[in-house]
Each structure stands twice: as C-alpha cells, then as structure tokens.
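The chain contents come next:
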Amino acid sequence: MNSALIRTENVAKVYESGDISTAALRGVTMEIAKGSFTCIVGPSGHGKSTLMHLIGGLDRPTAGSVYVDGTDLCCLDNRSLARLRGGKIGFVFQFFNLLPGLTAKENVETSMMLSGVPEKEQAARSRELLALVGLADKADSKPSQLSGGQQQRVAIARALANDPDILLMDEPTGNLDSAAEKEVMEILHALHRHGKTIVIVTHNNDIAGQAEHIIQVKDGQILLP
Ligand SMILES: Nc1ncnc2c1ncn2[C@@H]1O[C@H](COP(=O)(O)OP(=O)(O)O)[C@@H](O)[C@H]1O
Ligand SMILES: [Mg+2]
C-alpha cells in the first residue's frame, strides 16, 4: 500500500490554441502524502498551475495518469470527476473568486448546495467555518466590505465547506500584504495540524520555507532534490 493521497505518473499537458501548441507539462511523476504540507514551487509560466488543475481534476492530462486517493481520474466521466472534487478537494485561488453580490456566509454556502449538506444545516455550518477562520463577526458582510486577507479567509472557509481531505491552493497569498499572508498561513498550519493535506502553489520563498515537502517545477518537469 502507498500512503500517497495524490500521485501522477508521467503526466503531460499540451495546450492547443489555434496553430500554437504549448507543452506545459512534460512527463511529471510525483506524489503527495496524505496529511502532508507541500509546496509546489517554480518560476512563472513553468507549469505549476497546470499541475494543480490536473491533480485537482479541474482539467485532464494529454497523457499519463493522475490518481487521487487511489482513483485513476481518467476513468471518471465529468460527473463523477465533479463528485470526487466536491467531496475530497477544496480549492483556493489567488484572486479569492468570491461572488460579489453574496455575503461571506452565502459565499460559503454556495459550496454546500452542490453536495449533501442538508439545507437546514448549511447556515450553522457556514457560521462555524467563518468562526474557524476568525470571521465570525463578518458573516453578513459582502466581499467589497472586507480586506483582501479577510476575503481570502472567506475563500478558505468556502473551500472547507464539504470537509475535504485536501486543500489545493494556487498562490493563495499572492495578492496579500505580509500581515494578511501571516494570518492565512497560520490558518493553513492549524488545518494541517488537524489532519488536512495542504498543497500550496507559490513562488514565495518564505512560504515554501514553511513546507514539509517541496516539489520544484521547471520547464514542465520536476526537478529532483
Ligand atoms: N489555457 C491555456 N491555454 C494555452 N496555454 C496555456 C493555458 N494555460 C497555461 N498555458 C501555458 O502553459 C504554460 C504553463 O502555464 P502555467 O501552468 O499557468 O504556469 P505557472 O502556473 O507556473 O505560471 C505557460 O506557457 C502558459 O502560457
Ligand atoms: Mg500559475
């Protein structure tokens, strides 16, 4: 048995747009252990986000295999893939991606609507998650009334809505000042201590320095340590 929660085997991704094809990933084999705190690092344009999208089942590789908790994602149709994502993976992005017309609490609830959380439990659970990220008093605020760091904490609460095993984050502090970055990182470390598998794509060395495990991406490949 292998304790890898995420594993890729020889994954390649080629983007085709018009006449141009870009080989974003060129044979990536790697794994991420269950319960680990991992950073995926590397220069801009070298395939980090592509790798994150593939291991999160947001996109499909051109070749090779991605396994999440032992399931080969290529065997899943789009519906099953969406179900696996919804149940096991929470996503956080650089620009928060909150819905501007909804309150913090409603933003967190949007993630529950697609899953099995019964409607009458959604409000209480959403409040609990906002309290967990230190925003109990901001449940009724709209994103425009929150700072960047607070918006990202709402996005983390939303990512936790379905109690995923894995949090996959693409430059989650890339748009934050250093105080807000520290707050977000403290939350991620606390979640890690509670057993979540944390995966952060970053080119920030301070953040990478906090990881237990670093995966270095260069030119669409993994640099061996
Ligand atoms: N949807 C896309 N269509 C075409 N090319 C893309 C697409 N997404 C990324 N790329 C290209 O793939 C390469 C890797 O991009 P990306 O994974 O976003 O890198 P990183 O996250 O490390 O900055 C880049 O050359 C980028 O321009
Ligand atoms: Mg990127």
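Above this text is the structure in question.
Caption draft 1: Up close: the sheet that holds strand E6 (residues 89–92). If you trace the six strands from one edge of the open sheet to the other, you get E6-E7-E8-E3-E9-E10, paired in mixed fashion. The sheet is open, and its two borders are formed by E6 and strand E10 (221–223), each paired with just one other strand. For this sheet, the mean angle separating the axes of adjacent strands, direction not counted, is 25°. Of the strand pairs in this sheet, strand E3 (residues 37–41) and strand E8 (residues 197–202) are connected by five bridges, and their pairing is parallel. Each bridged residue has a counterpart across the sheet, and for cysteine 39 the counterpart in E8 is isoleucine 200. Contacts from helix H5 (residues 148–159) reach E6 and strand E7 (166–170), with the element oriented near 165° to E6. Along the sheet, helix H6 (residues 178–193) contacts E3, E7 and E8; its crossing angle with E8, the most-contacted strand, is approximately 150°.

Caption draft 2: Inspection of the site of ligand 1 at higher detail. The full set of residues close to ligand 1 is Tyr15, Thr22, Ala24, Pro43, Ser44, Gly45, His46, Gly47, Lys48, Ser49 and Thr50. Histidine 46 places a polar main-chain atom, nitrogen or oxygen, 3.2 Å from an oxygen atom of ligand 1. One nitrogen or oxygen atom from the side chain of threonine 50 is found 2.6 Å from an oxygen atom belonging to ligand 1. Coverage of ligand 1 by the protein amounts to 61% of the 560 Å² it exposes when considered alone. Elements that contribute at least two residues to the shell around ligand 1 include exactly strand E2 (20–33) and helix H1 (48–55). At three residues, H1 tops the list of elements feeding residues into the shell around ligand 1. Taken together, the residues that form the shell around ligand 1 break down as three nonpolar, seven polar and one charged.

The rules behind each value
Residues numbered from 1 in each chain as written. Chains lettered and ligands numbered in written order. Predicted model: local features only at pLDDT ≥ 70, side-chain atom pairs only at ≥ 80, totals over all residues. Heavy atoms only, no water. Pairing = 2+ DSSP bridges. Helix = DSSP H or I, 4+ residues; strand = E, 2+ residues; numbered from the N terminus. Axes fitted to C-alpha atoms, helices over the stretch in contact; angles between N-to-C directions. Contact = heavy atoms within 4.5 Å. Near = heavy atom within 4 Å. Polar contact = N/O pair within 3.5 Å; in protein donor to acceptor, adjacent residues only side chain to side chain. Areas by Shrake-Rupley, 256 points an atom, 1.4 Å probe, with all protein chains shown as cover. Nonpolar A, V, L, I, M, F, W, Y, C, P; charged D, E, K, R; others polar.

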